[in-house]
Amino acid sequence: MIVADLPEKELARRLAGAGLRLRTGPLVTEIRSRLTKVAEGIALHYSDYPIEASEDFADFHVRLAPPGSVRRWLRPQVTFQFDGAPPFLPLPADQAFPIMEWGLNWCVSSHCHQYLVIHAAVVERSGCALLLPAPPGSGKSTLCAGLVSRGWRLLSDELALIDPLTANITPLPRPISLKNASIDVIRAFSPDAVLGPTVRDTLKGSVAHVKAPADSVLRAAEPARPRWIVLPRYQAGVPARLERLRKGRAFMQLADSAFNYNLHGRNGFEALARVIDASDCYEFAYGDLEEAVGLFDRLATAA
Amino acid sequence: MIVARPNPVSIALRDPRALPRWTFAEWEALIRQARRANLISRLAVLLDERGLLQDVPAAPRAHLRAALVVSQAQAEAVRREVAYVRKALARIGGDIVLLKGAAYLFAALPPARGRVFTDIDILVPASALAEVEAALMLHGWATTHHDPYDQRYYRRWMHELPPLLHVTRETVLDVHHAILPTTARLKPDSAKLLQASQPVAGEPGLRVLAPCDMVLHSATHLFFNEELASGLRDLADLDSLLRHFGGQAEFWQQLTARARELDLARPLYYALRYTRHILATPVPDPALKAAEIGRPPNVLNRLMDALFLRALQPDHPAAADRLTPLARRSLYVRGHWLRMPPLLLAYHLTVKAFRSEKGDAS
Amino acid sequence: MVLNARSGSTHLLEPLAAEVLRALAEADAGMSIPDIVACLRDDAAAEEALEWLSAVESVLTEFQRLGLAEPEQP
């Protein structure tokens, strides 16, 4: 069963009651919330995602609810709770869906140490994975959304899950989060893309999410081998340019972008080395999304 | 007669062999509570050691594997940190006595396996305290609890310095000069603990407490010192120590004798009582009987049962009842109240004493 | 009635508070909240004694405010 199979009322009922067990890639999260924005966000972005039965194992148990204090009546707030405990401070209630997304990311980066977890976008074409590690503001998410809207499979927009033994990347397709100017860029670039409402005044500015393509969700059980590692940098007016990156530097970048590199010790070192060995590493500057996507399409065809 | 409410973590620790047959729902409850109790790594190690990890269903097994990664990394971090501490204190000379997690690790004791380490704890003679603190600060450790009121408290009453935070590594070091505050009613002699301490094989300059003292310290720490959020984890350490040393000849007799000698009969009584009931630790009957000299008077004993059996559950909503928050608060060491020494009391009760009014009390 | 010679102030205590203060005064070292409760209600059942914990806790918090007692740890 997938989320789209549930009538709206039933979805809301489950969320408000015993919880909805949503599968995203290898993980099942039990989500509970009475908030309309959460139900709407899930109905929109997760319509293609499988729902698991209550007898099946859930990896995480989260809830989006108003905090227990008086403020809930003054200016409504929402907290993200992990197993009853909130890891973050409360935020305005209209940000409930972005908060859920950040919270789900937190669950993975804080707990999924069976993987080497890198802060990066991952897309795939022709069986080859393109890894885009980058700090916020580098244009990684815009590039990721652009590629995905032109046929690349989405493995993840934030969290690359690398199997330490095989160096393969496990998909975790979830809504792609866009900020500020990127939102309009993607709307223009891809009129068919499904975007949720823009939420303003978050800590990151304005935020909106792009729905992951159904095909990416359907193929979530299919890992990919790393093939290209690219550090993107958006700069207005700059022509698209790929420049070879020395593998040593690429290694350091990847290690810096990892959430749990230190935990893996020697195994982490060897896993990253395998990823780097298997990949062509580049720095990438671009000013135009169309041009950028075209360049990567040609790269994939030549592979 | 006490009835411990079974929780999945205690049940799992008691007998890991049954775990591969558990249902998904049971695994789910176990993983959630074990994670909160900081015992998920311990569970993973217990299964791994018995070759049972691959029999665990894949979904829960992933969490156990993740927990193993964490505990392995932490053990390495503790070793590195202890090396730094040794370097910092090298010029002072004298041995460093490791306590708790670091001690278990360096002495290769079972509670070290699958342990989540937080701070490093060491014990130094009270006379060396100033010198030790100065040397540590020179090497980058800085005091915490900067409020002068807090500083005064730690240095006046407590058995340890305010925790030291290393400025670059952000690790925490607790320097103890005793195992209980000076104001506690129990007065174990720290000099005796230091005297009986034993060297760590292959690590000159490092020592750990003698086996009986290690158990007694663990018991004292759990039952008299600690905020009980990690109570079950500390109880599991005790269980592990007792099982390990319990096989040695004379251990139990030495344990109860040493407890009397160090004025720690009360914590020992609690330790044997609760490890036996909650984790089925094989405490021999004669040992339990001998430990009864530490038994509190009846109403306190029953009260402590009601408090500890709640507070020693995992800190998770599914393991709590209405009275659990109150139980935890009451056991937290802040509950030790002192009279202010220079207070002069001249009191004249203008109302009847509380005792005689108890019939009216609602 | 209690005279706090250090601060010079005088307080009128309720019976429970008076007994708590007396228990603290008679002990020559720190007492935990369960210790105090057991001292006051030496014949109570455990469940009943549990209910007294919050009452004693409130009394002690008030004592701290009045300067009549202080907790062992910050």
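Residues numbered from 1 in each chain as written. Chains lettered and ligands numbered in written order. Predicted model: local features only at pLDDT ≥ 70, side-chain atom pairs only at ≥ 80, totals over all residues. Heavy atoms only, no water.

Attention shifts here to the overall build of chain B. The helix and strand inventory of chain B stands at 15 helices and eight strands. Each of the 362 residues in chain B was classed as buried or not, and the buried ones make up 57%. Taking all contacts inside chain B whose residues are at least 6 apart in sequence as the whole, residues at least 24 apart take part in 66%. Of the roughly 15600 Å² of accessible surface on chain B, 54% is carried by carbon and sulfur atoms. (Helix = DSSP H or I, 4+ residues; strand = E, 2+ residues; numbered from the N terminus. Buried < 20%, exposed > 50% of the residue type's maximum accessible area, 1.4 Å probe, protein only. Contact = heavy atoms within 4.5 Å. Areas by Shrake-Rupley, 256 points an atom, 1.4 Å probe, with all protein chains shown as cover.)

A few words now on the interface of chain A and chain B. Residue-level contacts link 18 residues of chain A with 19 residues of chain B. Between chain A and chain B, a total of about 1500 Å² is buried, with carbon and sulfur atoms accounting for 59% of that surface. At the junction of chain A and chain B, the tally comes to two salt bridges. Between B:R32 and A:D83 there is a salt bridge whose closest N-O contact spans 2.6 Å. The interface formed by chain A and chain B includes eight residue pairs in polar contact (both at pLDDT 80 or more). At the level of elements, β3 (60-65) and α9 (261-278) of chain A are the ones that each hand at least two residues to the side of chain A that touches chain B. A total of three residues in the side of chain A that touches chain B trace back to one element, the largest contributor, which is α9(A). For the side of chain A that touches chain B, the residue count by class is six nonpolar, seven polar and five charged. (Buried area = accessible area lost by both parts, 1.4 Å probe. Salt bridge = Lys/Arg side-chain N within 4 Å of Asp/Glu carboxyl O. Polar contact = N/O pair within 3.5 Å; in protein donor to acceptor, adjacent residues only side chain to side chain. Nonpolar A, V, L, I, M, F, W, Y, C, P; charged D, E, K, R; others polar.)

A few words on the environment of B:R302. Along the polypeptide, B:R302 turns up in helix α14 (residues 298-311). Between the alpha carbons of B:R302 and B:Q253 there is a distance of 26 Å; along the sequence they are 49 residues apart.

Next up on the list: the pairing of strand β5 (residues 172-176) of chain B. Residues and elements named next belong to chain B. With respect to burial, β5 is a largely interior element, four of its five residues being buried. Sheet topology note: the strand β4 (residues 164-166)/β5 ladder contains two bridges and is antiparallel. From the neighbouring strand, L165 faces β5, where its bridge partner is V172. Here β4 folds back onto β5, and the loop between the two strands holds five residues, one of which, E170, carries a positive phi near 60°. (Pairing = 2+ DSSP bridges.)

Moving on: the arrangement of the chains. Summarising the chain contacts, two pairs of chains touch, and the pair with the most contacts is chains B and C. The two units chain A and chain C are non-contacting; their minimal C-alpha-C-alpha distance is 22 Å.

Further remarks concern the packing of helix α9 (residues 211-225) of chain B against helix α11 (residues 251-261) of chain B. Residues and elements named next belong to chain B. It is the contact of α9 with α11, at a shortest axis distance of 9 Å, that shows an interaxial angle of 55°. Relative to α11, the element α9 lies oblique. The handedness of the crossing between α9 and α11 comes out as right-handed. Of the residues in α11, those touching α9 at P211, C212, D213, V215 and L216 are F251, Q254, L255, R258 and A259. Here the contact of α9 with α11 is built from residues that sort into seven nonpolar, one polar and two charged. (Axes fitted to C-alpha atoms, helices over the stretch in contact; angles between N-to-C directions. Parallel < 35°, antiparallel > 145°, perpendicular 65-115°, else oblique. Left-handed = near helix turned anticlockwise from the far one by under 90°.)

What follows concerns the state of the cysteines. Residue and element names in this part refer to chain A. Under the counting rule described, the total for this entry stands at zero disulfides over all chains. Looking at C112, it has no disulfide partner, and the nearest cysteine sulfur is the one in C107, 8.2 Å off. Since its relative accessible area comes to 2%, C112 is described here as buried. The thiol of C128 is not disulfide-bonded; the next cysteine sulfur, from C281, is found 14 Å away. (Disulfide = S-S within 2.5 Å.)

Turning our attention to the side chain of A:S138. All names here are of chain A. Structurally, S138 can be placed in the loop between β7 (128-133) and α5 (140-149). A relative accessible area of 9% means that S138 is categorised as buried. Residue contacts for S138: discarding those within four places in its chain leaves P232, R233 and Y234.

Before going further, it helps to examine unusual backbone geometry. Residue and element names in this part refer to chain A. Of note in the backbone geometry, S126 takes a positive phi value of approximately 50° without being a glycine. In this fold, S126 is placed in the loop between β6 (116-125) and β7. In this structure, D201 is a non-glycine residue whose phi angle is positive, near 60°. In this fold, D201 is placed in strand β12 (residues 199-202).

Further remarks concern the sheet that holds strand β4 (residues 77-82) of chain A. Within the open sheet, the five strands sit side by side as β1-β2-β3-β4-β5 (chain A). Their pairing is mixed. Here the strands that pair on one side only, and so sit at the sheet edges, are β1 (20-24) and β5 (91-92) of chain A. Where β4(A) and β5(A) come together, two bridges link them in antiparallel fashion. By the bridge assignment for β5(A), A:Q77 is matched with A:P92. Sheet contacts for helix α2 (residues 24-36) of chain B: β1, β3 and β4 of chain A; angle to β3(A), the most-contacted strand, approximately 75°.

Quick look at the confidence of the model for chain C now. Residues and elements named next belong to chain C. For chain C, the mean per-residue pLDDT works out to 72, and 73% of the residues sit at or above 70. Taken element by element, the predicted model of chain C shows its lowest mean pLDDT in strand β1 (residues 2-3) (52) and its highest in helix α2 (residues 33-40) (82). Both scores are available for the predicted complex, with the pTM at 0.86 and the ipTM at 0.92. (pLDDT = per-residue confidence, 0-100.)

Residue and element names in this part refer to chain A. Throughout the structure, instances matching the rule amount to 22 aromatic pairs over all chains. When the ring of F251 is compared with that of F269, the centres are 5.3 Å apart and the planes differ by 55°; the resulting orientation is tilted. Separated by 18 residues along the polypeptide, F251 in helix α8 (residues 247-256) and F269 in helix α9 bring together distant segments of the chain. Judged by relative accessible area, F269 falls into the partly exposed class, the value being 45%. Feature note: the residues F60, F80, F82, F88 and W106 constitute an aromatic cluster, connected by ring pairs. (Phe/Tyr/Trp six-rings, centres within 6.5 Å; stacked < 30°, edge-to-face > 60°.)

Here we take up the sheet that holds strand β13 (residues 205-210) of chain A. All names here are of chain A. The three strands are arranged β11-β13-β12 in an open sheet whose pairing can be described as antiparallel. Edge positions in the sheet fall to β11 (176-179) and β12, since each has one partner strand and no second. Going from strand to strand, the sheet's axes swing by 35° on average, the running direction of each strand aside. Pairing between β11 and β13: four bridges, direction antiparallel. Pairing of K179 across the sheet is with V207, part of β13. Sheet strands in contact with helix α6 (residues 181-189) are β11 and β13, and its direction is about 115° off that of β11.

Here we come to helix α2 (residues 36-45) of chain A. Residues and elements named next belong to chain A. Within α2, burial applies to V38, A39, G41, I42 and H45. Projected down its long axis, α2 carries its buried residues within an arc of 165°, all on one side. Taken together, the buried residues of α2 touch α1 (8-16), β1, β2 (27-33), β3, α4 (96-111) and β13. (Arc of directions from axis to C-beta.)

Residue and element names in this part refer to chain A. Packing of α2 against α4 leaves a shortest axis separation of 8 Å and a crossing angle of 65°. Classified by the interaxial angle, the pair formed by α2 and α4 is roughly perpendicular. The way α2 lies across α4 gives a crossing that is right-handed. Contacts from K37, V38, G41, I42 and H45 of α2 reach α4 at A96, F97 and M100. In terms of residue class, the contact of α2 with α4 is made up of five nonpolar, two polar and one charged.

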